[in-house]
Amino acid sequence: MSGFTVLLLGGTGEARRLASLLARERPDLRVVTSLAGRVARPALPDGEVRVGGFGGPAGLAEWLRRERVGAVVDATHPFAARISTSAVTACAEVGLPLLVVRRPGWTERPGDDWRRVPSLEAAAGTIAGLGERVFLSTGRQSVAVFAGLDRHWFLVRSVDPPDPPLPRRLAVVLDRGPFTVAGERELLRRYEIEVLVTKDSGGTMTAAKLEAARELGLPVVLVDRPPTPPADRVEHIEDVVSWLSTLGATPGS
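Residues numbered from 1 in each chain as written. Predicted model: local features only at pLDDT ≥ 70, side-chain atom pairs only at ≥ 80, totals over all residues. Heavy atoms only, no water.

### Here we look at the packing of aromatic side chains
How we decide: Stacked, edge-to-face and tilted labels apply to pairs of Phe, Tyr and Trp rings (six-membered ring for Trp) whose centres lie within 6.5 Å, assigned for plane angles under 30 degrees, over 60, and everything in between, in that order. Remark: a charge is flagged as sitting over a ring if the NZ atom of Lys or the CZ atom of Arg is within 6 Å of the ring centre and within 35 degrees of the ring normal.
Scanning the entire structure with this criterion turns up 3 aromatic pairs. When the ring centre of phenylalanine 54 is taken as origin, the NZ or CZ atom of arginine 50, which lies over that ring, is 3.9 Å away. Stacked on the ring of phenylalanine 179, the Lys or Arg arginine 157 has its end atom at 3.7 Å from the ring centre.

In structure tokens, the structure reads:
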């Protein structure tokens, strides 16, 4: 298939590594990585990049037709439910194969003190009896859920500043992973953190905070992932190369 086009829904470390892998091993493919545009200075992958939304499933389906896309790979964040749902709907409408790349979630280890909750709202209701000083590591778009909790003090870390509404008692640290256990331990101690709230993102870039919390004996409120999109799924980017070959997207085909 000369000129076979793959849309790679990105924004994660896996997506960037996959773009590099395909550029190296499959230079015959046209790979377009799509970024949502929610970060002012995103880490850009190799190859062709588009930034911004598609306008829902209908807009995505129109883009897929216009660009003559042959396959879609969803390597977005495990909590990016909206674009993943749009991809399922649009691919079904256009008749395109869809593969979801999802890294495994985190697993509780001896010494951990985790409370799993189904949503950010549930997390906000869980921290009341765990501590006053909270490290809120859920992304800047999640901070508004905690805005009315005036009895708590929050440390928020994000790549860009969070948008209001914000908690009344708040400190913001602008930083981007990967993070080290030593650095996370120092951060938790410096701000006298008593409880950590985070999403079950999985992976290694931000896992150090969980190890630091374990060492310091801090409770962790962990927000469970939304349901996985109804599509074929793999955990490793190398499996994407094999999957593309099964579609007939092979060099010289």
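Picking up where we left off.
### Let's talk about the pairing of strand 11 (residues 220–223)
Going by this rule: Buried means the residue's accessible area, taken with a 1.4 Å probe over protein chains only, is under 20% of the maximum for its type, while exposed means over 50%, and partly exposed covers the values in between. Numbering of helices and strands starts at the N terminus; helices are DSSP runs of H or I of at least 4 residues and strands are runs of E of at least 2. Strand pairing is assigned whenever DSSP detects at least two bridges linking the two strands. Crossovers are described as right-handed under a simple rule: with the strands pointing away from the observer, the path leading from the first strand over the helix to the second runs clockwise.
The side-chain alternation of strand 11 yields two buried faces, one formed by Val220 and Leu222 and the other by Val221 and Val223. Taken together, the 4 bridges between strand 6 (residues 114–117) and strand 11 define a ladder with parallel strand orientation. The residue of strand 11 that forms the bridge with arginine 115 is valine 221. Note: strand 10 (residues 195–199) against strand 11, 4 bridges, orientation parallel. Residue pairing for strand 11: valine 197 is matched across the bridge by valine 221. Handedness of the crossover is the feature at issue here: the chain leaves strand 10, passes through helix 6 (residues 208–216), returns alongside strand 11, and the resulting connection is right-handed.

### Observations regarding a negative patch on the surface
We count it as follows: Note on patches: the residues involved have over 30% relative accessible area and no salt bridge, like charges join within 9 Å, and the nonpolar side chains Val, Leu, Ile, Met, Phe, Trp and Tyr join within 5 Å. For the area figures, the Shrake-Rupley method with a 1.4 Å probe applies, and any residue is considered shielded solely by the protein chains shown. What makes a salt bridge here is a side-chain nitrogen of Lys or Arg within 4 Å of a carboxyl oxygen of Asp or Glu, nothing more. Charge assignment: positive for Lys and Arg, negative for Asp and Glu; neither His nor the chain ends contribute. We put the charge of a Lys on NZ, of an Arg on CZ, of an Asp on CG and of a Glu on CD.
On the surface, Glu25, Glu235, Glu238 and Asp239 cluster together into a negatively charged patch. Tracing the sequence through the fold places glutamate 238 in helix 7 (residues 238–246).

### Re the packing of helix 5 (residues 181–190) against helix 6
Basically, it comes down to this: Angles here are taken between N-to-C directions and fall from 0 to 180 degrees, while the axes themselves are lines fitted to C-alpha atoms, restricted in helices to the stretch in contact. Any angle that falls under 35 degrees is termed roughly parallel, while one over 145 is termed roughly antiparallel, one within 65 to 115 roughly perpendicular, and all others oblique. Each helix crossing is assigned a hand: it is left-handed if the near helix lies turned anticlockwise from the far helix by less than a right angle, otherwise right-handed if that turn is clockwise. Only heavy atoms matter for contacts: two residues are in contact if any of them lie within 4.5 Å across the pair. Gly is put with the polar residues, along with every residue not named as nonpolar or charged; the nonpolar set is Ala, Val, Leu, Ile, Met, Phe, Trp, Tyr, Cys and Pro, and the charged set is Asp, Glu, Lys and Arg.
Where helix 5 contacts helix 6, the two axes come as close as 8 Å, and the packing angle between them is 55°. When the interaxial angle is binned, helix 5 and helix 6 end up oblique. Once helix 5 is placed against helix 6, the crossing between them reads as right-handed. For the pair helix 5 and helix 6, the contacting residues are Val181, Glu184, Arg185, Leu188 and Arg189 in the first and Ala208, Lys209, Glu211, Ala212, Ala213, Glu215 and Leu216 in the second. Across the contact of helix 5 with helix 6, the residue classes break down as 6 nonpolar, no polar and 6 charged.

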